[in-house]
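# Observations on the three-dimensional arrangement
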Amino acid sequence: MPDTHAVSAERQAYYDAIATQDLAPLWERMKGLVANSPRPKSVPAHWRYGAIRPHLMKAGEMLTTEEAERRVLIIENPGLPGQSRITGSMYAGAQLLMPGERARAHRHTACALRFILEGDGAYTAVDGERTNMKPGDFVITPSWTWHDHGNDGAAPVVWLDGLDIAIVNMFDASFSEEYAEEVFPPTRPVNDSEIRYGGAMMPEQTGAAGAASPLLNYRWERARETLDAMLRNGPVDACHGVKLHYTNPRTGGPVMPTINASLQLLPKGFRSTSYRSTDGTVFCVGEGSGHSVVGGTRIDWGHNDLFVVPSWMPVEHEASEDAVLFSFSDRAAQEKLGIWRQRRGNA
Ligand code: GTQ
């Protein structure tokens, strides 16, 4: 962003001359380039599930998954039109699979997460392991893993997709390919990773931990029970209520190298104190209702709604009934780069 001030004719001529050599004066750009604090282009935004769903169902009538490969409505931040981003770094979409449908096998450098919104007949298969998905489950598709989706149930299935596409593209590091067949052949039993890694114990094994969690599905039921028990036992955090981070069981770190995901319980009547962090965050309402004030904008949210808190904007949450918020952000990447910051309270 150029600083806005009058420039003398001599300097303007100089700037025009150096521009022909692909040079530019840092002193005109410094303040915009190296900002004193984050200036996100993304804005606080809210999508009601009731507004997304009819459009998604219409797409279900209009085109098949053979045509679409993935039948997804991109959820795009109004501050970043045409950029397929919900925050500065994250992609989000709402994906629909009708009964009996398949979404063919492919893989890409970008890593993906799913948070299931509706319907319990679908599965995702990752490198040959299927996991059946139920509402509220959190499922990962690590970078460069073959994945296909299918709905064997009787009802439509909808989930939220989150991908680090903008990060991969910022590095100009995107590769993708389609598998020769529609479905990648099963290599392991259904839910195998959950059996091995889902129980807070580690299988005996040698070798270093991979870049992503070996556990593919983090169940809603288990997380929800834990949140309830933590609420009973206390304490409740002033900024976050009761909050759990999904972790890689081998490292205790985030589920994937770039993305951190969390689930938090805001008990009925809870009002959080102001919080801000440098990871612009996507929230999806897993249960209940309430409102959040994001940089001065009030957002009244209900079940399956999505909303965004851009980087460094203060947020306060209030729950009008027991509410559970799923969220994801690029915090994992920022922490690795040593640039992540947070501020609790209004200081
Ligand atoms: O399900 O593999 O929303 O590759 C965007 C890109 C979903 C997927 C998206 C994808 C997928």
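What counts, and where the lines are drawn
- Residues numbered from 1 in each chain as written.
- Predicted model: local features only at pLDDT ≥ 70, side-chain atom pairs only at ≥ 80, totals over all residues.
- Heavy atoms only, no water.
- Patch = residues over 30% accessible without salt bridge, like charges linked within 9 Å, V, L, I, M, F, W, Y side chains within 5 Å.
- Areas by Shrake-Rupley, 256 points an atom, 1.4 Å probe, with all protein chains shown as cover.
- Salt bridge = Lys/Arg side-chain N within 4 Å of Asp/Glu carboxyl O.
- Helix = DSSP H or I, 4+ residues; strand = E, 2+ residues; numbered from the N terminus.
- Buried < 20%, exposed > 50% of the residue type's maximum accessible area, 1.4 Å probe, protein only.
- Near = heavy atom within 4 Å.
- Polar contact = N/O pair within 3.5 Å; in protein donor to acceptor, adjacent residues only side chain to side chain.
- Expected span 1.5 Å × (residues − 1).
- Arc of directions from axis to C-beta.
- Phe/Tyr/Trp six-rings, centres within 6.5 Å; stacked < 30°, edge-to-face > 60°.

This brings us to a nonpolar patch on the surface. Judged by side-chain polarity, Leu26, Met30, Leu33 and Val34 come together as a nonpolar surface patch covering roughly 390 Å² of accessible area. Tracing the backbone shows Met30 in helix α2 (residues 26–33). Met30 gets classed as partly exposed once you look at its relative accessible area, which sits at 40%.

Turning to the site of the ligand, a few remarks are in order. For the ligand, the full set of nearby residues is Arg70, Val72, Tyr91, Gln95, His106, His108, Arg114, His147, His149, Asp161 and Leu163. His106 places a side-chain nitrogen or oxygen 2.9 Å from an oxygen atom of the ligand. Within the side chain of His147, a nitrogen or oxygen atom sits 2.8 Å from an oxygen atom of the ligand. Isolated, the ligand exposes 290 Å² of accessible area, and the fraction of that covered by the protein chains is 90%. Broken down by secondary-structure element, the contributors of at least two residues to the shell around the ligand are β3 (91–97), β4 (102–108), β9 (147–151) and β10 (157–163).

To continue, consider helix α3 (residues 49–62). Its 14 residues place the ends of α3 20 Å apart at the C-alpha level, agreeing with the 20 Å of an ideal helix rising 1.5 Å per residue. For α3, the full list of buried residues reads Tyr49, Ile52, Leu56, Met57, Ala59 and Gly60. Axial view of α3: buried residues confined to an arc of 155 degrees, hence all on one face. Facing away from the buried side of α3 by over 90 degrees, the exposed positions are Gly50, His55, Glu61 and Met62.

With that out of the way, let us pick up the packing of aromatic side chains. Per the stated rule, a full pass over the model turns up 15 aromatic pairs. Taking the centre distance of 4.3 Å and the plane angle of 10 degrees together, the rings of Phe115 and Phe326 count as stacked. Placement of the pair is Phe115 in strand β5 (residues 112–118) and Phe326 in strand β21 (residues 323–329), with a sequence separation of 211 residues. There is no split in this pair, since Phe115 and Phe326 are both buried. Ring centres of Phe326 and Phe328 lie 6.3 Å apart, and the angle between their planes is 40 degrees; on these two criteria the pair is classed as tilted. A residue is classified by how much of its surface remains accessible, and Phe326, at 0% relative accessible area, is buried.

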